[in-house]
Amino acid sequence: MKEFTVKANDAGQRLDKFVFKVTESLPHSLLYKAVRTKKIKVNRKRCEPGQLLSEGDTVQLFLAPEFFGEKEHAFLDLRVELQVVYEDEHILLAEKPEGLSCHSDATQTAGTLIDHVKAYLARKGEYDPREENSFAPALCNRIDRNTSGLVICAKTAVALREMNEIIRRRRLEKRYLALCHGKPDAERTVTVYLKKDEEKNRVSVSDTPKKGYLTAVTEWKREEYDAASDRSLLTVTLHTGRTHQIRATMAHLGHPLVGDGKYGKDRHDPTFSHQALRAHSLRFFPEETSPLAYLAGKQFFASRDERFLLKK
């Protein structure tokens, strides 16, 4: 039997979600059976899978030892390389360089952005994975591996829930810098429909609604245009957050991003080896009652990248 004491970062979540986090490869069917047969208890009493946990509760798990494997924390050995733009007790805004994955994937399995965030917070004494039952600092948004710019990390469970709600309710303004070919309209808001091909990691674009396609709304303002190179610098505001939304939309409209070999034409641009896209700013609009209400109206910017300037 293993017993866990619910801590502040564990409180407020369902029992079943907590159990899945503190065990390894536990089948859903076995969890629900264990609850029915009282092999999972809360405060040594009968419980329900959807029961919400409170700080100080104890969870008893009468499960086989193989479901409690030792978790690896390889990120603790990382040499931290993290550019922090803003930080408080709840959130951290980091500037991700191009070429670095946000999370582990087929292109990168270790040393990801979230690994560096965890290592950074561990060095500061703000996160100890051996002391937490189920919570770990987590990214609230993500950008493509070869897109640079701002990413939000929640340092606490409360911040993670609240930031996810802010994003879900679209109370977060995300702006990007994009360098594209040609001279698009000075200002425009465009709606298209995107469908992702998971196998090819590429999206298809339609001007009209179709089954399986998601609505994508993109707004831009043209900041500069250079006739000699026939390139424009755009400030782009996302009103939806779809995979490759800016890249696919601009290419569909005849203005692919510079350096974009997937949707454009010049993968080997001398300035950009990948798409010229940067998550430039974030502005928050939380509810007045939110624990993150202090962020209301605050705007944060990524550092200046000279490559995006047409007039230097």
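You'll find the structure just up there.
Because the structure is predicted, anything quoted here is derived from the model rather than measured.

Caption draft 1: Spotlight on the overall build of the protein. A tally of regular secondary structure across the protein gives five helices and 14 strands. Here the C-alpha coordinates of the protein stretch approximately 75 × 45 × 40 Å along the principal axes. Relative to its 312 residues, the protein shows a buried fraction of 47%. Expressed as a percentage of contacts within the protein between residues at least 6 apart in sequence, the contacts between residues at least 24 apart total 64%. Summing over all exposed atoms, the protein offers an accessible surface of approximately 16,200 Å²; the carbon and sulfur share of this is 46%. Seen as two clouds, the 53 positive and the 45 negative side-chain charges of the protein have centres 4 Å apart.

Caption draft 2: Region of the structure containing helix 1 (residues 15-22). Among the residues of helix 1, those classed as buried are Leu-15, Asp-16, Phe-18, Val-19 and Val-22. What you see down the axis of helix 1 is that its buried residues fit within an arc of 160 degrees, all on one side. Close packing links the buried residues of helix 1 with strand 1 (2-5), helix 2 (28-36), strand 2 (40-42) and strand 3 (58-61).

Caption draft 3: Expanded view of the packing of aromatic side chains. Within this structure, the stated rule accounts for five aromatic pairs. Between Tyr-86 and Phe-300 the ring centres are 4.6 Å apart and the planes differ by 40 degrees, which places this aromatic pair in the tilted class. Here Tyr-86 is found in strand 4 (residues 83-87), whereas its partner Phe-300 is found in strand 14 (residues 299-301), with 214 residues between them in sequence. Seen from their ring centres, Phe-284 and Phe-300 are 6.1 Å apart, and the 65 degrees between their planes marks the pair as edge-to-face. One end of the pair, Phe-284, is in strand 13 (residues 277-284); the other, Phe-300, is in strand 14, with 16 residues separating them in the sequence. Judged by its relative accessible area of 0%, Phe-284 falls in the buried class. Members of the aromatic cluster, connected to one another through ring pairs, are Tyr-86, Phe-284 and Phe-300. The ring of Tyr-213 has Lys-210 lying over it, and the distance from NZ or CZ to the ring centre is 5.7 Å.

Caption draft 4: Spatial organisation of unusual backbone geometry. Even without being glycine, Lys-38 reaches a positive phi, approximately 65 degrees. Looking at the element boundaries, Lys-38 is found in the loop between helix 2 and strand 2. Residue Lys-38 is classed as partly exposed on the basis of its relative accessible area of 44%. Residue Asp-230 is not a glycine yet carries a positive backbone phi of 55 degrees. Mapped onto the fold, Asp-230 is located in the loop between strand 11 (214-226) and strand 12 (231-238).

Caption draft 5: Quick peek at the side chain of Thr-218. The residue Thr-218 is located in strand 11 in this model. Side chain to side chain, Thr-218 and Gln-245 meet in a polar contact 2.8 Å long. Not counting chain neighbours up to four residues away, the residues in contact with Thr-218 comprise Arg-188, Thr-189, Val-190, Val-236, Thr-237, Leu-238, Gln-245 and Thr-249.

Caption draft 6: Quick peek at the pairing of strand 13. Of all eight residues that make up strand 13, six are buried, and the element is covered over most of its length. Note that strand 7 (residues 148-154) and strand 13 share two bridges and pair parallel. Pairing of Ser-148 across the sheet is with Arg-278, part of strand 13. Of the pairings in the sheet, the one linking strand 8 (residues 172-181) to strand 13 comprises seven bridges and is antiparallel in character. Looking across to strand 13, one finds that Leu-172 is bridged to Phe-284. Inspection of the sheet shows strand 13 paired to strand 14 by three bridges, in the antiparallel sense. Opposite Ser-281, over in strand 14, you have Phe-301 as the bridge partner.

Caption draft 7: Expanded view of the state of the cysteines. Tallied over the entire structure, the rule returns zero disulfides. With no disulfide of its own, Cys-140 lies 6.7 Å from the sulfur of Cys-153, the closest cysteine sulfur.

What counts and how
For every chain, the first residue of the written sequence is number 1, and numbering continues from 1 onward in sequence order. Given that this is a predicted model, residues contribute local features only at a pLDDT of at least 70 and side-chain atom pairs are listed and counted only at 80 or more, while totals for whole chains, interfaces and linings are drawn from all residues. Excluded from the side-chain calculations are hydrogens and water; all other atoms, namely the structure's heavy atoms, are used. Segments assigned H or I by DSSP are reported as helices when at least four residues long, segments assigned E as strands when at least two residues long, and all are numbered from the N terminus. For the exposure calls, accessible area comes from a 1.4 Å probe over protein chains only, and a residue counts as buried if that area is under 20% of its type's maximum, exposed if over 50%, partly exposed in between. Any two residues whose heavy atoms approach within 4.5 Å are treated as being in contact. Reported accessibility uses the Shrake-Rupley method at a 1.4 Å probe radius. Residues are deemed covered only where the shown protein chains occlude them. Lys and Arg are tallied as positive, Asp and Glu as negative. Neither His nor the chain termini are counted. To locate a charge, take atom NZ for lysine, CZ for arginine, CG for aspartate or CD for glutamate. Each C-beta atom gives one direction from the helix axis, and the arc is the one those directions make. Put simply, two rings from Phe, Tyr or Trp (the six-membered ring, in Trp's case) pair if the centres are within 6.5 Å, and we call them stacked under 30 degrees between planes, edge-to-face over 60, tilted for the rest. Criterion for a charge above a ring: Lys NZ or Arg CZ within 6 Å of the ring centre, and within 35 degrees of the ring normal. N or O atoms closer than or at 3.5 Å make up a polar contact, with two conditions inside protein: a donor-capable atom paired with an acceptor-capable one, and, for residues adjacent in sequence, both atoms drawn from side chains. Any two strands are treated as partners once DSSP identifies two or more bridges connecting them. Only a pair of cysteine sulfur atoms within 2.5 Å counts as a disulfide in this structure description.

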